[in-house]
Amino acid sequence: MEISRRLLGKMAAALAGATMLLPAAAMTQDKPAPFDNPGDVEIALVRYLSTGDFFQAYLSGVEAQAKALGVNLRVLDSRQDAALQADMVDQAIALGVDGIIIQHGLTESMKEAAQRAVDAGIKVVAFDVNVENEAIPQIEQSDRDLARLALEQAIADNGESWKAGYVYVAGIAPLDRRDETWREFKEKYAGIEEVAMFGTLDNPIANSVANQARSVVTANPDIQVMFAPYDEFAKGVKIAVDEAGLSDSVKIYSADVSTADISAMREPGSAWVATAATNPAVVGEVSVRALAMLLAGEEPGKSVIVPPTLITQKALNDGDIKNMEELAQKLPQFAHADVAVPAWMPLPPRD
Amino acid sequence: MGDDAVFRIAGLTKAFGPNAVLRGVALDLCAGEVTVLMGANGAGKSTLVKIMSGVHRADRGAMMLGDKPFSPASPAEAMRAGVVTVHQNINDGVVGALDVASNLVLDRLNGAGRGLFFNPRRVRREAREVADRMGLGIDLGAEVTNLPLADRQMVAIARAMAHEPQVMILDEPTSSLSSNEAERLFALIDRLRARGVAILYISHRMSDIRRLADRIVSLRDGAIAGKFEDKPLDYEGAVNAMLGQNLAQNLGRHSIDARDAAEPVFSASDIRIAPGARPLSLALGAGEVVAVTGLVGVGKTRLAETLFGIHRPVAGTMTLDGRSYAPRNAADAIGRGVFLVAKDRASTGIVPEFNIYENMSLPFLPRFSRLGVASRRVERQTARDQIGDLKIVCRSERDDLATLSGGNQQKVTVARWLTQPSRLLILDEPFQGVDIAARHDIAAKLREGAGGRATLLFLTELDEALETADRILVMSENTVVGEHRNADVDMDRLLADVAGRHHETARSV
Amino acid sequence: MDSRMAEKSSVEAPRPSPRLSAREVAIRYGFLTLLFGLIVFFSLATRGFTSPQAAVFILQSVSITGILALGVTATLVVGGFDLSIGSIATSSMMAAAYVMVVLEQNALVAVLVCLAIGALVGLINGLIICYMRVPDLLATLGMMFLLIGLQRIPTEGRSIATGMTMPDGSTAEGTFSPAFLALGRHRFDLVIDNLVPASVVVLIVLAIVIWFFLEYTRFGRMMYAVGSNERAAEFAGAPVRAYRIWAYVISGVFAAIGGILLAARLGRGDIASGNNLLLDAVAAALIGFAVLGAAKPNAFGTAIGALFVGVLLQGLTMMNVPYYTQDFVKGAVLVIALIFTFALLGRRAR
């Protein structure tokens, strides 16, 4: 096991005289109220989206950080029902929680519910949903940075002049933000020629995108770079490129990462050369930490941005990384973000 | 009867296209009397009812209600004027999802000038009034779907009575009721009669007719064929008028050589085809053609389908070729050589998307197949043979059934069961919707091939039976009440059997 | 009814008839002509549309929906419908991934498990419909929801890939076996090396099998009889319920095969509802009604219907038409095909 900072911290705590079974109790003296007595603190996670790997990992991050703080966590899942999500905020208010994390949702339905929570004296943070409230910090993974990192790598690999295929579906907020960066790059580098744009969210997405991408590469065999800023898109493009036998002439740049993506990128001769990603578990941890800072009377900032990491095929191969856990271990910048970490903040163990 | 008639019909005619259905019907209905209307299928009963209840309009003729002309443009208008109809299909008369009280006052809820709001207490009060007036002993809060059929029928009638009608038309109201249930209905009808309602009662059931009728009117081919008002009522005369033809003449014209059975093939002893039915027995032999006749609804189709394994007899045993015969389904029956040309070819016979040879081979596909693969060559050859035998008019055996005339479609459904040898061939109304020529073709083919099997025909039309059968059995009330050898038929006794007079004593052998 | 009905053209070799009117020709060959016209149009309008590789690719892109469509054709033939095929396919995909990645079994076990799941779900559908008297649309709708949920339970909503973390914190070490992946990726030589993908071969084989079954065996004929007039089939001695149950089993097994190919192509088990697979498959089967003027579900028409959708989408994508327009075009084709079937042929809707 690698000796990490948290492990050292934990050992130090153990040496200070606490048992390993009660790590939170061990640190009570160092922490500001109300975390000197964390068992009395209750926070609620009110979710809009919950199915899929990303949201699973996000939840595990939230749980890990809540456990490290020793606070009680209550998870309310509206399963994509916007009205229910607003009701759940009211439910959390009625339960008398100390803090609320709003995870995704619609501005229209959440704005007033969030205001009611703030009025009730509850601290609120929001992840990936703009509730238009000065008192509520926004946790964001920076979609623009994701796209920028991937495209900068594409420029570094292929120079400033190439023919590109672009996978995009309008109307999805994160994809729209990534699209803005793509437009900026096209303006900045006149040599980038977008010869085809396609995309679909028909599920299974990878299968549908593969069918489209196959048509596109047949019509445009001279494409050098495929920019697919969503891993399901990239997976579909890779299938199509493999099937068309063009793995050598096309390079795929994407955003987001998962265990399955890692194995796809590491296949011999894979055209998928780089992806930029934020670790959703880290975003979950940051969400809880930002809320904890608010509860402790500190100011995490109006906007808490979790920076992405560039993950290249080469780095994966060099480190022989096979899954997300190994990725977190071997790329420390992916495992941890130095965001919202005041000195007193206990961090979740990582093993 | 003219003077105290509340409803008069004179010279009513109606044609659908070239098809004249009613040819000058005259009918009077009197207050406090039950007038029974009898008529065979296609006589025009339902058209007459539909004109009276405002569904159709007559081409010519007049209707008078009291002393005012009556020509309703819609059922609602007829109802408001005081002529209400209770249809044969009980569930047309009630709304299943509502309780009894709401059903009783449903029509009032729809009337113009009603308030916007539904007042449950007021509904219950009005419903209670209606129910009391009718002597209806049914829980007003019960859901209609939970009621037995008879109670639903009562609710439908009580609901109709809520309009205070002068004339009530009851279209075969007992067709799906048991005899106990029917008796409750009759008691209700007696009360209506006592209240001075003129009732037109349409039925085939002789027991109903004997129980209720004050007068009988027989309809035949769109015209009144007989009125019977003198007590005691002449039931046989009414049946004779309804079946219409002068049967004695027909006897001479279509007389056939009545053959006797060579060897016994099939027998049924004391089978009961429906709960509560009296047991019946019959024996059929090879080479004979036996017709079972009787009015509509006496259980002919039930018997045919019981022999074919669609239904199982409630009690009793059957034997075929000396062995016990208890088919569990049609496939069992077919396996034993019992074939049924079912009634109503559109719903139980033809497969509309199939062509002629596919329709003919349907029950015997395993015999036309090797390793599960159907041999079209053999199928088509078989079909061509049948087309020739039965003189089916078509371009080829690959014609779609839909392109054939009704008579030729019927020939195909009969031919289907002639392609393979059978022990017992049952035909339920094989001449329905078939012209004379096709009927003769089919009958001739049946008699010609009758040698090796027993043939059993179910026929409502007496002259069809006289024309084709060696022996005639008469059914009434789910059992066989008479038997006649088709040589020197005593027509009076035959008609009496049809009218059900002897069913207490006479039993078939 | 008139003589145009006389020429029922299912998939039998069309018999030349001197009396075919212009209208009959339009009905019989209209859709095939339209398909040919589309191919000509795309060939002229785009680069690279006419090549053996492109032709094979069109087949590959419709192979999964095509197989599902052939299965649903069997249920349409008996007068039923199966809304659960999409979720059977995705459940089968998840099952294949689970068997290989989590349980670390080989390709054969994975395939057998998938086929068993398809057959079992089809059997349950059939039993619910025939014996519990639940209407087919509702029964299979319920099954669809059930499967969408069920496929998430073993992994608590995670997609399945090698190296994934299991709910209990352990790591799944199994891999997709190369033999299984070959089902989605292997290519057979046909004139050109590595031309025909395995999934296309599966599609063609299954299309021929179901076509022969429905058109030439007595079982297929009886299934048509059950769908056209159930009472008549019963009175002809057919075990009507058994035929209907078998139709759902066929549909379930075909959907499971589609799921196997999906898993082999993606190389992982993705959480998905499969609703798009369902809609595309149903569209193909319904377009098939119009092919050769059959006006009834038929395997040949379904295959052509799937091909039609594939050609259309391939061509439109090559012309850089955005995805939402493609859905519109797909829908328009379906509506036209249905009008063709029900209005021009003048037959009663099913």
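As the structure is a computational prediction, the values presented were derived from the model and not from experiment. (Residues numbered from 1 in each chain as written. Chains lettered and ligands numbered in written order. Predicted model: local features only at pLDDT ≥ 70, side-chain atom pairs only at ≥ 80, totals over all residues.)

(A) Examining the overall build of chain B more closely. Secondary structure summary: chain B contains 20 helices and 22 strands in total. On the principal axes, the C-alpha backbone points of chain B span a range of 70 × 50 × 45 Å. The buried share among the 509 residues of chain B stands at 49%. (Helix = DSSP H or I, 4+ residues; strand = E, 2+ residues; numbered from the N terminus. Buried ≥ 20, exposed ≤ 12 C-beta atoms within 10 Å, placed from the backbone.)

(B) Region of the structure containing the overall build of chain A. Summing up its helical and strand segments, chain A has 14 helices and 12 strands in all. The C-alpha atoms of chain A give a radius of gyration of 22 Å, which matches the 20 Å a tight globule of 351 residues would have. Once the C-alpha set of chain A is aligned to its principal axes, its extents read approximately 65 × 45 × 35 Å. (Rg over C-alpha atoms; globule rule 2.2 N^0.38 Å.)

(C) Region of the structure containing the interface of chain A and chain C. Facing 30 residues of chain A, the contacting portion of chain C comprises 31 residues. When contributions to the side of chain A that touches chain C are tallied by element, the ones reaching two or more residues are α3 (53-69), β7 (192-198), α8 (205-219) and α10 (259-266) of chain A. Per-element accounting of the side of chain A that touches chain C gives the leading share, 10 residues, to α8 of chain A. When the residues that make up the side of chain A that touches chain C are grouped by side-chain class, the tally is 10 nonpolar, 15 polar and five charged. (Contact = placed C-beta atoms within 7 Å. Nonpolar A, V, L, I, M, F, W, Y, C, P; charged D, E, K, R; others polar.)

(D) Structural view of the sheet that holds strand β5 (residues 68-69) of chain B. All names here are of chain B. In space, the four strands of this open sheet follow the order β2-β1-β4-β5, with antiparallel pairing throughout. Unpaired on one side and paired on the other, β2 (19-30) and β5 mark the two borders of the sheet. Contacting β1 (5-16) and β2, helix α1 (residues 45-52) crosses the sheet at an angle of about 60 degrees to β2. (Pairing = 2+ DSSP bridges. Axes fitted to C-alpha atoms, helices over the stretch in contact; angles between N-to-C directions.)

(E) Broad picture of the sheet that holds strand β5 (residues 138-141) of chain A. Residue and element names in this part refer to chain A. Taking strand neighbours across the sheet as the criterion, the six strands line up as β2-β1-β3-β4-β5-β11 in an open arrangement whose pairing is parallel. Of all strands in the sheet, those with a lone pairing partner are β2 (72-77) and β11 (303-306), marking the two edges. Going from strand to strand, the sheet's axes swing by 20 degrees on average, the running direction of each strand aside. With five bridges connecting them, strand β3 (residues 99-103) and strand β4 (residues 123-127) associate as parallel partners. Paired with Ile100 across the bridge in β4 is Val124. Seen against the sheet, helix α5 (residues 107-119) touches β3 and β4 and runs at an angle of roughly 155 degrees to β4.

Honestly, it's all geometry; don't read function into it.
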